Amino acid sequence: MLSYIIEGGKKLEGEVHISGSKNASLPIIAATMLNKGISKLYNVPEIHDTKMMFEILKKLGCTVKKNNKKIIIDSSKAEGYKIPEELMRQMRSSVVLAGAILGRHKKAEFSYPGGCDIGARPIDLHLKSFEKLGILISENYGNISCKCDTIDNAKIDLDFPSVGATENIMLASTLGEGTTIITNAAREPEIIDLQNFLNRMGAQISGAGTNIIQIKGVKKLKDVSYNIMPDRIEAGTYLCAGAITGGKIKITNIVSEHLTPIINKLEEAGCSLNVQKDNIELIAPKRVKAVDLKTMPYPGFPTDMQSVFVSLLTTAKGTSIVVENIFENRYKFVPELSRMGAKITVEGKAAIIKGVRKIHAANVKATDLRGGAALVLEALVAKGETKIENIQYILRGYEKLDDKLKKLGAKISIKEGE
Ligand code: EPZ
């Protein structure tokens, strides 16, 4: 069992380089299955979730080599079409491999990913979309088998702008017959990155970033090199870390326009931000002001930043109201914050946060990836030494978090064992 030990009370100051996006890397790694050849990926973050995806690709018959910052994937002999249940359960986002495997092999077998720490995480929109593409689906005891002769084209209107379902339709249709159109598509920047990667391979996809995406099926794809976009959630997490400690930090290697809703909320809370195209400098006030926010699909305030922002608001002047509209169970971290002195009441989708002056250290446990990040921020401002257990959740999505925070002046170390 790994834990963080954090001595709070230090203002964060300095510069932090943001890594490649976890949520752009995962569907792009899956997409390498579509081309029977070589894909070279740069700026893939070295985190648990990307390592898991590489393990699954190897089980499907790919070779994956790492040379310095470059990942070389050779999928020319990847005959596998079954996603191992254990790996599927450990990482539900591997469901986007289904679309890529179907695109290549016209068959796929995988299990229901199962719920996780933030909600039931159903895949009904994915399966309904596959059926519209002419894919026959049979299920038994949680295992799903998909097959088809060809991937048809269809007009698919998503009930909800699901990121994963949008990605799965794009992946399955890249080598399909004719043109598929997705309406009410997710508009996240990671969808644009996936479109750019697929088109670099020779696909003909347009509209990513809007709510209408068109995929014109092609017959063949080619070898590709691609540089993954920066991680906007990691970037937002460090901005909030600077803000909660009353510090002054600069984040580099970002696409600032991806962070607009986060920038707006931090300015509303009293931070001053110098925003350039690929970097942002934040100067925090002694104490931020209370703000209200609602999570929404992109370009609204991202759900993945909700927990980290709740942490920031625990020490604000005044009372804030946060509403989580995307996932039904994304406040599991709140009782852990309360152990440190935070005053938060959860009423259904809403969390009411009464700002306090003092947060104190405690022994707490990470409940999920972003909830764990929220505990790290709280520990940075807590008086005393905080121990955060179950940090394997956090290591899923943040590359070298302890090193990056140390570079900003934080006192943080990793402890093995109980
Ligand atoms: C992606 O998850 C991200 N993960 C999540 O980031 C992110 O929170 C989420 O998009 C929303 O932005 C990756 O990209 C790997 P959804 P995804 O399908 O695709 C419901 C993180 O911390 N839904 O847009 O699973 C679902 O239950 C992770 O980095 C259905 O009802 O999100 C949820 O309430 C967490 N049926 C809502 O839609 C479906 O078939 C949004 O889910 C699919 C989804």
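Residues numbered from 1 in each chain as written. Predicted model: local features only at pLDDT ≥ 70, side-chain atom pairs only at ≥ 80, totals over all residues. Heavy atoms only, no water.

> Where do I start with the site of the ligand in this structure?
In the neighbourhood of the ligand, 24 residues make up the surrounding shell, with D124, L125, S162, D304 and I326 lying closest. One nitrogen or oxygen atom from the side chain of K22 is found 2.9 Å from an oxygen atom belonging to the ligand. A distance of 2.7 Å is found between a nitrogen atom of the ligand and a side-chain nitrogen or oxygen belonging to D124. Within the complex, 87% of the 820 Å² of free accessible area of the ligand lies under protein. Contributions of two or more residues to the shell around the ligand are made by helix 1 (22–31), helix 5 (124–132), helix 6 (163–173) and helix 12 (369–381). Residue classes in the shell around the ligand are distributed as 10 nonpolar, six polar and eight charged. (Near = heavy atom within 4 Å. Polar contact = N/O pair within 3.5 Å; in protein donor to acceptor, adjacent residues only side chain to side chain. Areas by Shrake-Rupley, 256 points an atom, 1.4 Å probe, with all protein chains shown as cover. Helix = DSSP H or I, 4+ residues; strand = E, 2+ residues; numbered from the N terminus. Nonpolar A, V, L, I, M, F, W, Y, C, P; charged D, E, K, R; others polar.)

> Explain the packing of helix 10 (residues 306–313) against helix 12 to me, please; I cannot follow it from the model alone.
Between two packed helices, the angle of one axis relative to the other and the distance separating the axes together describe the packing. Packing of helix 10 against helix 12 leaves a shortest axis separation of 7 Å and a crossing angle of 20°. As the angle between them shows, helix 10 and helix 12 are arranged roughly parallel. Along this stretch, helix 10 crosses helix 12, giving a crossing that reads as right-handed. Touching S307, V308 and S311 of helix 10 are R370, G371, A373, A374, L375, L377 and E378, all from helix 12. Tallied by class, residues from the contact of helix 10 with helix 12 come to five nonpolar, three polar and two charged. (Axes fitted to C-alpha atoms, helices over the stretch in contact; angles between N-to-C directions. Parallel < 35°, antiparallel > 145°, perpendicular 65-115°, else oblique. Left-handed = near helix turned anticlockwise from the far one by under 90°. Contact = heavy atoms within 4.5 Å.)

> How do you make sense of the nonpolar core when you look at a structure like this?
Considering soluble globular proteins, one finds that nonpolar side chains tend to be buried as a cluster. L97, F110 and L198 are the most contacted members of the largest nonpolar core, which has 72 residues in total. Contact partners of L198, with chain neighbours within four places excluded, come to A31, L34, M170, L171, T174, A203 and I205. By size, the runner-up hydrophobic cluster in this structure holds 70 residues, among which are Y238, I280, A374 and L401. (Core = buried A, V, L, I, M, F, W, Y, C linked by side-chain atoms within 4.5 Å. Buried < 20%, exposed > 50% of the residue type's maximum accessible area, 1.4 Å probe, protein only.)

> How should the side chain of S320 be read in this particular structure?
Within the element layout of this structure, S320 appears in strand 18 (residues 319–323). Looking at S320, its side chain comes within polar contact range of the main-chain nitrogen of V291, at 3.2 Å. The residues touching S320, leaving out its near neighbours within four places in the chain, are A290, V291, D292, L313, A351, I352 and I353.

> For this particular structure, what's the right way to read the state of the cysteines?
A covalent bond bridging the sulfur atoms of two cysteines is what the word disulfide describes. According to the stated counting rule, one finds zero disulfides in the structure shown. Of all cysteine sulfurs in the structure, the one in C146 sits closest to C62, which takes part in no disulfide; the separation is 19 Å. Among the residues examined, C62 registers a relative accessible area of 6% and is labelled buried. Here C271 stays unpaired: no disulfide links it, and the sulfur of C240, its closest cysteine neighbor, is 8.0 Å away. (Disulfide = S-S within 2.5 Å.)

> When you look at unusual backbone geometry in this model, what are you seeing that I'm missing?
What is expected of a backbone is that most residues other than glycine have negative phi and most peptide bonds are trans. Along the chain, Y298 connects to P299 via a cis peptide bond; the corresponding omega equals 15°. Along the chain, P299 falls in the loop between strand 17 (293–294) and helix 10. Here N68, not a glycine, exhibits a phi torsion of approximately 60°, which is positive. Along the polypeptide, N68 turns up in the loop between strand 4 (63–67) and strand 5 (70–74). Exposure remark for N68: the relative accessible area of 65% places this residue in the exposed category. The backbone of R121 sits at a positive phi, close to 50°, despite the residue not being glycine.

> Which parts of the structure should I look at to understand the pattern of salt bridges?
Enumeration according to the criterion identifies 11 salt bridges in this entry. Across the pair E55 and K58 runs a salt bridge, and its minimum N-O distance is 3.1 Å. Of the two residues, E55 and K58 are both situated in helix 2 (residues 48–59); the distance of three residues between them amounts to about one turn of the helix. Relative accessible area serves as the criterion here: at 38%, K58 is assigned to the partly exposed category. (Salt bridge = Lys/Arg side-chain N within 4 Å of Asp/Glu carboxyl O.)

> What exactly am I supposed to notice about the sheet that holds strand 22 (residues 385–389) here?
Note: strands within a sheet are paired through backbone hydrogen bonds, in either parallel or antiparallel orientation. As summarised here, the arrangement of the four strands in space is 21-22-1-23, forming an open sheet in which the pairing is mixed. Whereas interior strands pair on both sides, the edge strands pair on one side only; in this sheet they are strand 21 (363–365) and strand 23 (411–415). Recorded for the sheet is a direction-independent mean angle of 20° between the axes of neighbouring strands. In this structure, strand 21 lies alongside strand 22, joined through three bridges in parallel fashion. Paired with K365 across the bridge in strand 22 is E389. (Pairing = 2+ DSSP bridges.)

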